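Structure at a glance
In case you want the letters, here they are:
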Amino acid sequence: MDAALKSLSYQGDAPGFDRNGLDGQGLNGMRNDDRPVNDGRPVEVAPEPVSATRVPDGIETGRPSRAEAEAAVRTLLRWAGDDPTREGLLDTPTRVTKAYEQLFGGYSVDAEKLLERVFEEVEGYSDIVLVRDIPFHSHCEHHMVPFMGLAHIAYYPTRGVVGLSKLARVVDTFARRLQTQETMTAQIADVIESILKPRGVAVMVEAEHLCMAMRGVQKAGVSTITSQFRGVFKDNANEQVRFLTLVRGGAK
Ligand SMILES: [Zn+2]
């Protein structure tokens, strides 16, 4: 086992770690109701099921104003340890909120609409259509740190083909939202499946996550590969091999 992996595995509590004391404090600190803190019964530690998760009190939902968004950037600048009133940072909140409009522009695009127009006059073409090496930039929903890489998409058309640039725009639409690479891969496959109704769709995404390279385990150059196979790609292993061979540059 190499050092990086070792440092990831749980080594037990450090000497002197007072689990009971800490758990108690943590729970009290996280409470946002006014039940008595300790009435002598054992402290409840079971986490709530995900389905019970609610927005904690005091967290607003819905879209803020631009001024509120800029104020939030100033808060984060102070949190990072800098002074938002120094000259170099004065216009940063304006620039960041503007950049967000582009980086997260996928929220205002309807991916289904992108695929609605198909070209039906394709002389009965029904073999594989593969678009590979579609570059994308995204942000992980866990850290809001970029991950970027390439997406490869293949489908077997039934009722016509879409413009090739539309597939790239579908990738962009989901990339410019917060999610995980796994979710993004499935979202791309889902929308192609539901709108184009192909005989099969295959999506592969390979990406480098800066949240892994810059923080946490700090490993650069690691690429994460995710894939989704639907229809004939799911049912027939030969179709997966054909897809992977084409993606990897065979039979150009
Ligand atoms: Zn992350």
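Everything below is about the structure shown above.
Note that this is a predicted model, so its numbers are computed, not measured.

Some remarks on the nonpolar core
In this structure, F136, Y155, M184, I188 and I192 are the most contacted members of the largest nonpolar core, which totals 33 residues. Contributing elements (two or more residues each) for this core: α5 (111-114), β1 (129-140), β2 (146-156), α6 (164-175), α7 (181-196) and β4 (200-209). Residues A154, A202, M204 and V247 belong to the second largest nonpolar core, which totals 10 residues.

Some thoughts on the packing of α6 against α7
Running from N to C, α6 and α7 cross one another at 135°; their axes reach a closest spacing of 10 Å. As summarised for this structure, α6 and α7 are arranged oblique, according to the angle between their axes. Every pair of crossing elements has a handedness; the one defined by α6 and α7 is right-handed. On α7, the residues touching L167, V170, V171, F174 and A175 of α6 are M184, Q187, I188, V191 and I192. Tallied by class, the residues present in the contact of α6 with α7 amount to nine nonpolar, one polar and no charged.

Some remarks on α7
The terminal C-alpha atoms of α7, which comprises 16 residues, lie 23 Å apart, in line with the 22 Å expected from a rise of 1.5 Å per residue. Taken residue by residue, α7 has Q181, M184, T185, A186, I188, A189, V191, I192, I195 and L196 as its buried positions. Downstream of α7 by a residue or two, K197 has a phi angle that is positive, lying close to 45°.

Rules and cut-offs
One numbering rule holds for all chains: residues counted from 1, following each sequence as written. With the structure being a predicted model, the display of local features is reserved for residues of pLDDT at least 70 and the display and counting of side-chain atom pairs for 80 or more, all residues being used for whole-chain, interface and lining totals. Hydrogens and water are ignored here; the side-chain numbers use all heavy atoms of the structure. Note on terminology: a nonpolar core comprises buried Ala, Val, Leu, Ile, Met, Phe, Trp, Tyr and Cys residues joined through side-chain atoms within 4.5 Å. Note on classification: 1.4 Å probe, protein chains only; a residue is buried when its accessible area is under 20% of the maximum for its type, exposed when over 50%, partly exposed between these limits. Under the scheme used here, helices are H or I runs from DSSP no shorter than 4 residues and strands are E runs no shorter than 2 residues, and both carry numbers assigned from the N terminus. Note on geometry: axes are C-alpha line fits, over the in-contact stretch for helices, and angles between N-to-C directions span 0 to 180 degrees. An angle below 35 degrees is treated as roughly parallel, one above 145 as roughly antiparallel, one from 65 to 115 as roughly perpendicular, and anything else as oblique. By definition, any crossing whose near helix is turned counterclockwise from its far helix by less than a right angle is left-handed, and any crossing with a clockwise turn is right-handed. For this analysis, residues touch if any pair of their heavy atoms sits within 4.5 Å. We call Asp, Glu, Lys and Arg charged. Ala, Val, Leu, Ile, Met, Phe, Trp, Tyr, Cys and Pro are nonpolar, and the rest, Gly among them, are polar. In this scheme, a helix's expected span is set at 1.5 Å multiplied by one less than its residue total.

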